[in-house]
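Chains, contacts and geometry: an overview
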Amino acid sequence: MKKFKAAIFDMDGTLLDTMYIWHHLAPEYLKRNDIELPENMTDQMAIMGISRAVDFLITSFNLNISHEKLHQELINILADYYRNHAEFKPGAVSLLEKLRLHNIPAMVFSATPEDLLMMALNRLDAVKYFSHGLLSCGTIKSSKNKPEAFFKAAEHLGFPPDEIMIFEDAWYAASTAKSAGF
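What counts, and where the lines are drawn
- Residues numbered from 1 in each chain as written.
- Predicted model: local features only at pLDDT ≥ 70, side-chain atom pairs only at ≥ 80, totals over all residues.
- Heavy atoms only, no water.
- Buried < 20%, exposed > 50% of the residue type's maximum accessible area, 1.4 Å probe, protein only.
- Helix = DSSP H or I, 4+ residues; strand = E, 2+ residues; numbered from the N terminus.
- Pairing = 2+ DSSP bridges.
- Right-handed = clockwise from strand over helix to strand, strands pointing away.
- Axes fitted to C-alpha atoms, helices over the stretch in contact; angles between N-to-C directions.
- Parallel < 35°, antiparallel > 145°, perpendicular 65-115°, else oblique.
- Left-handed = near helix turned anticlockwise from the far one by under 90°.
- Contact = heavy atoms within 4.5 Å.
- Nonpolar A, V, L, I, M, F, W, Y, C, P; charged D, E, K, R; others polar.
- Salt bridge = Lys/Arg side-chain N within 4 Å of Asp/Glu carboxyl O.

**Comments concerning the pairing of strand E2 (residues 106-110)**
- Within E2, five of the five residues are buried, which leaves it mostly tucked inside the rest of the structure.
- Of the two faces of E2, the one holding Ala-106, Val-108 and Ser-110 and the one holding Met-107 and Phe-109 are both buried throughout.
- Here E2 runs beside strand E3 (residues 134-136); their pairing, made up of three bridges, is parallel. Directly across from Ser-110, in E3, lies its bridge partner Ser-136.
- Considered for its hand, the β-α-β crossover made up of E2, helix H6 (residues 114-123) and E3 is right-handed.

**Brief notes about the packing of helix H3 (residues 50-60) against helix H4 (residues 67-84)**
- Two numbers describe how H3 lies on H4: the axes approach to 9 Å, and their chain directions differ by 120 degrees. By the angle between their axes, H3 is oblique relative to H4. Seen from above, H3 lies across H4 with right-handed handedness. Counted together, Ile-50, Ser-51, Val-54, Asp-55, Leu-57 and Ile-58 of H3 and His-67, Leu-70, His-71, Leu-74, Ile-75 and Leu-78 of H4 form the full contact between these two elements.
- For the contact of H3 with H4, a count of residues per class yields eight nonpolar, three polar and one charged.

**Focus on the environment of Ala-126**
- Summarising the element assignment, Ala-126 is placed in the loop between H6 and E3.
- Residues Ala-126 and Glu-97 lie 29 residues apart in sequence; the distance between their C-alpha atoms is 9.9 Å.
- Ala-126 has contacts with Phe-88 and Leu-121, leaving out every residue within four places of it along the chain.

**So, the pattern of salt bridges**
- Tallied over the full model, the rule gives nine salt bridges.
- Between Asp-10 and Lys-144 there is a salt bridge whose closest N-O contact spans 2.9 Å. Of this pair, Asp-10 sits in the loop between strand E1 (6-9) and helix H1 (19-32) while Lys-144 is found in the loop between helix H7 (137-140) and helix H8 (147-157), placing the two residues 134 residues apart along the sequence.
- The class for Asp-10 is buried, based on a relative accessible area of 5%.
- Through salt bridges with shared partners, one network takes in Asp-10, Lys-144 and Glu-168.

**Describing the side chain of Ser-142**
- Tracing the chain through its elements places Ser-142 in the loop between H7 and H8.
- Residue class for Ser-142 comes out buried when judged on its relative accessible area of 14%.
- When residues no more than four places from it in sequence are discounted, the contact partners of Ser-142 are Cys-137 and Ala-149.

**Some remarks on the side chain of Thr-176**
- With respect to the element layout, Thr-176 can be found in helix H9 (residues 171-179).
- Note on Thr-176: relative accessible area 9%, which makes it buried.
- Residues in contact with Thr-176, not counting those within four places in the same chain, are Lys-144, Asn-145, Lys-146, Pro-147 and Phe-150.

What follows is the structure, given as structure tokens:
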């Protein structure tokens, strides 16, 4: 393997142990609103983005709430989790420290909005590990199943794909990045 010169990290499930909240976001909302949760819903909701989850909840439970209001309520649940509970996965800080020690530029490229990620990174004193900041799929209006999304992240980082190592836990995203030359 060719030595890489820069790194792009996914955040949820890769660096941060935050998959819990994504699996429990809809159940938490439903519980707060005294709505019974079907058994298989937790797994279905974990793979949806926030916007799709909002539509799903409104339709499935015939909720009398606007898309915007429900979206904000879900964001508030997420914000509380990222601000107060999100933690690094074992070994993540050690890896980030090694990259920083070797002056390897790094950034975050996530499907999660930057402001939520910053809440966790600020609390964990981890902003220092990402010399090139954060970028979300929402900001670039593209998904990690499209090579263009990773090309935009590479452009943000300032390195060509073949010099960037991608750290990703989602198979489809890792596969897309690899096929794009990362």
